[in-house]
Amino acid sequence: MLGICRGRRKFLAASLTLLFVPAFTWIYLFSGSFEDGKAVSLSPIESQPHSPHYTASNQRERESLEIRMREVEEENRALRKQLSLAQSRSPTHRRGNHSKTYSMEEGTGDSESLRAGIVAGNSSECGQQPAVEKCETIHVAIVCAGYNASRDVVTLVKSVLFHRRNPLHFHLIADAIAKQILATLFQTWMVPAVRIDFYDADELKSEVSWIPNKHYSGIYGLMKLVLTKTLPSNLERVIVLDTDITFATDIAELWAVFHKFKGQQVLGLVENQSDWYLGNLWKNHRPWPALGRGYNTGVILLLLDKLRKMKWEQMWRLTAERELMSMLSTSLADQDIFNAVIKQNPFLVYQLPCFWNVQLSDHTRSEQCYRDVSDLKLQKQLSELDEDDLCYEFRRERFTVHRTHLYFLHYEYEPASDNTDVTLVAQLSMDRLQMLEAICKHWEGPISLALYLSDAEAQQFLRYAQGSEVLMSRRNVGYHIVYKEGQFYPVNLLRNVAMKHISTPYMFLSDIDFLPMYGLYEYLRKSVIQLDLANTKKALIVPAFETLRYRLSFPKSKAELLSMLDMGTLFTFRYHVWTKGHAPTNFAKWRTATTPYQVEWEADFEPYVVVRRDCPEYDRRFVGFGWNKVAHIMELDAQEYEFIVLPNAYMIHMPHAPSFDITKFRSNKQYRICLKTLKEEFQQDMSRRYGFAALKYLTAENNS
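All of these numbers come straight from a predicted model, not from anything done at the bench.

**Topic: a nonpolar patch on the surface**
On the surface, Phe692, Leu695 and Leu698 cluster together into a nonpolar patch covering about 320 Å² of accessible area. By the element assignment, Leu698 lies in helix α24 (residues 695-703).

Written out as structure tokens, the structure reads:
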């Protein structure tokens, strides 16, 4: 949506499917207001019975609206029954060929992810719309660029999926950032009967860059003008949507409106609901030419085949060139040009009812067509597992695909000229969110984080981050959301996601509950050069300590840390419960060391290390608690990495409540048995991959 209302949230409304009536009672109030052409006041003050503004007249109006609500409910029930009978008589069509269709399973379908919705409209009119065949593919085009738009488009897609019954084909005109984010998201989302095609927005810039545009959308706000050239020549029609749309009904009902086009009508648009094009908003306000209030381009039905025959490309270009001679630039991007063309050619437009693009401000699971669609490779892997195996759920987790949204917030990174930059890599869930600000204060370099969240938690995280001055001041932190699926915490998958999306040659593999020493970032960059990490296979160890105190005066030097160790304020990490995990670091030697020193691998060693970005990934079979880092360090050793302890580096583990997974490990015998089985299988795999060199791992395990 462009124009006065472009910066506001817009909602699509339709007619038949009224879901969750209690949650959307206010929706019906709007349905009455649209029919009468008047706005119904929904002010919380005026609607409260105990408010001083609340009168007997308000009460009568409320009762009248409630009666109207019940009438609309009855009307829609009857229409649904009629539609059901009509569909039951129609022939079932053969499934189309979708060579690039992702086999996906829908996410959680959390209703809060549909930020809001309005189901309203003229029921009798909608009842007359031709039905869309059950397996007819609906095509949707969206221009999407950057981090924020990528996040918005996810909400749009969720709202479409929430109600849809038909296969969908999304045509995404995207820049490199949006393509990277959305390609991963859809590949990991695994929703059935959804196809995604990308079109390079950068290649289209030359088509519209000659048009001066004052609108905040910039050059991307003009790209809907060139869809007839951009989209496949055999595509006859498409629904074009802005990223800030939210659907509250089945998109097929909007698709069916194409059947109403007559004569030379090729554009379906809703009248603009602001006064922008009337030219009376302020003194000397001079908008582009438009018919009356003009049309809003947040939702467009494009009849592509007819537009091409009409030479749409030539039509809009000539119009834009003519108007720019006097207007000098567009204020509302493509919307100005669409309206100028329509002013000269009003026969092009089929006016959509206003409920198809309700231009509101921010305050304001359907039947599946292809239930049998699934990812065949995944199904094959799962079919090879023994469901009677007591560790089946552990093994299954290794093949679970988690919907992943890369760069959930804006990310910027300027590569260091000396090629020594290091990214801190970590993973977390909602209960560790409070650590983010502290880590950002301790580490000024780039950070890559994988967050394991539900849809609801992702929105909570967004609000938390946007309300934090510390987090919002940092653009070099990449937040990657991995959505919850299954019963285990996929710790190593999260680490792999965070590792894969770093922009630096080196990475510091840490955990979210550790605070690095002040200045560690610069110290590691110098160590990378000193120890020639670029040309050698080394893992630089940052010694780990811990405190049991929630309030800690963080040591500002190694000398201060040693003093706190002697006083019992700090301890070597897990000294009381898991000494083997860090014992090979040789803390006694570290106390007096002034130069880096090499240590040998030992069983159960799991230090925190700095490595090149091409190091092996973590093994996904290990989930929840236990052996997830141990296995990774073992593989580094098998690949002949040297372990070098840094003499002036340290990190401190901060106390927190035990995780759900460690509690399960301690209390569940079967959990421990399965972890032991997975360890043995991992060691056998290591022997197959690395041969004789890996035999020491079996020996070490037997001796430990």
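**With respect to the sheet that holds strand β2 (residues 138-144)**
Sheet architecture is open: 7 strands sit in the order β4-β3-β2-β5-β8-β7-β9, paired in mixed fashion. A single partner strand is all that each edge strand has here, and the edge strands are β4 (194-200) and β9 (349-352). When strand polarity is set aside, the average angle formed by the axes of neighbouring strands in this sheet is 25°. Bridging between strand β7 (residues 267-271) and strand β8 (residues 295-303) involves 4 bridges; their strand directions are antiparallel. Bridge pairing links Leu267 to Leu302 in β8. Lying on the sheet, helix α4 (residues 146-163) is in contact with β2, β3 (168-174), β4 and β5 (237-241); it crosses β2 at an angle near 160°. Of the strands in this sheet, β7, β8 and β9 touch helix α11 (residues 334-344), which is tilted by about 65° from β8.

**Regarding the pairing of strand β14 (residues 477-483)**
The element β14 is largely enclosed, with a buried count of 7 among its 7 residues. Of the two faces of β14, both are covered, the one formed by Val477, Tyr479, Ile481 and Tyr483 as well as the one formed by Gly478, His480 and Val482. One ladder, built from 2 bridges, connects strand β11 (residues 404-405) with β14; its direction is antiparallel. Bridging across to β14, His405 finds its partner in Ile481. Relative to β14, strand β13 (residues 447-453) is paired through 7 bridges, and the arrangement is parallel. Bridging across to β14, Ser448 finds its partner in Gly478.

**Here's the deal with the pattern of salt bridges**
Going through the model one piece at a time under the given rule, you end up with 29 salt bridges. When the shortest N-O distance is used, the salt bridge between Asp604 and Lys580 registers 2.9 Å. Of this pair, Asp604 sits in the loop between β20 (597-599) and β21 (608-612) while Lys580 is found in the loop between β19 (571-572) and α20 (587-592), placing the two residues 24 residues apart along the sequence. In this structure Asp604 comes out as buried when scored by relative accessible area, which is 4%. One salt bridge connects Arg621 with Asp685, and the closest N-O pair in it is separated by 2.7 Å. Within this pair, whereas Arg621 is found in the loop between β21 and α21 (628-638), its partner Asp685 is found in helix α23 (residues 669-690), the two being separated by 64 residues in sequence. Salt bridges here are not isolated pairs; linked through shared partners, they connect Glu207, Lys229, Glu313 and Arg317.

**Focus: the sheet that holds β14**
Taken in spatial order, the 9 strands make up an open sheet running β11-β14-β13-β12-β15-β21-β17-β22-β20, and their pairing is mixed. Sheet topology places β11 and β20 at the edges, where each strand pairs with a single neighbour. Summarising the sheet, β20 and strand β22 (residues 642-645) pair through 3 bridges and their orientation is antiparallel. Within the sheet, the bridge partner assigned to Gln598 lies in β22 and is Ile644. Relative to the sheet, helix α14 (residues 435-442) contacts β12 (422-429), β13 and β14, its axis offset from that of β13 by approximately 175°.

**Re the state of the cysteines**
Counted under the stated rule, the structure contains 1 disulfide. Across the disulfide, Cys391 is cross-linked to Cys674 (sulfur-sulfur distance 2.1 Å). Linking Cys391 and Cys674, the disulfide has an S-S dihedral of approximately -95° and is accordingly described as left-handed. Residue Cys391 is found in the loop between α12 (376-383) and α13 (392-397), and its partner Cys674 is found in helix α23; the two are separated by 283 residues along the sequence.

The rules we used
Residues numbered from 1 in each chain as written. Predicted model: local features only at pLDDT ≥ 70, side-chain atom pairs only at ≥ 80, totals over all residues. Heavy atoms only, no water. Patch = residues over 30% accessible without salt bridge, like charges linked within 9 Å, V, L, I, M, F, W, Y side chains within 5 Å. Areas by Shrake-Rupley, 256 points an atom, 1.4 Å probe, with all protein chains shown as cover. Salt bridge = Lys/Arg side-chain N within 4 Å of Asp/Glu carboxyl O. Helix = DSSP H or I, 4+ residues; strand = E, 2+ residues; numbered from the N terminus. Pairing = 2+ DSSP bridges. Axes fitted to C-alpha atoms, helices over the stretch in contact; angles between N-to-C directions. Contact = heavy atoms within 4.5 Å. Buried < 20%, exposed > 50% of the residue type's maximum accessible area, 1.4 Å probe, protein only. Disulfide = S-S within 2.5 Å.

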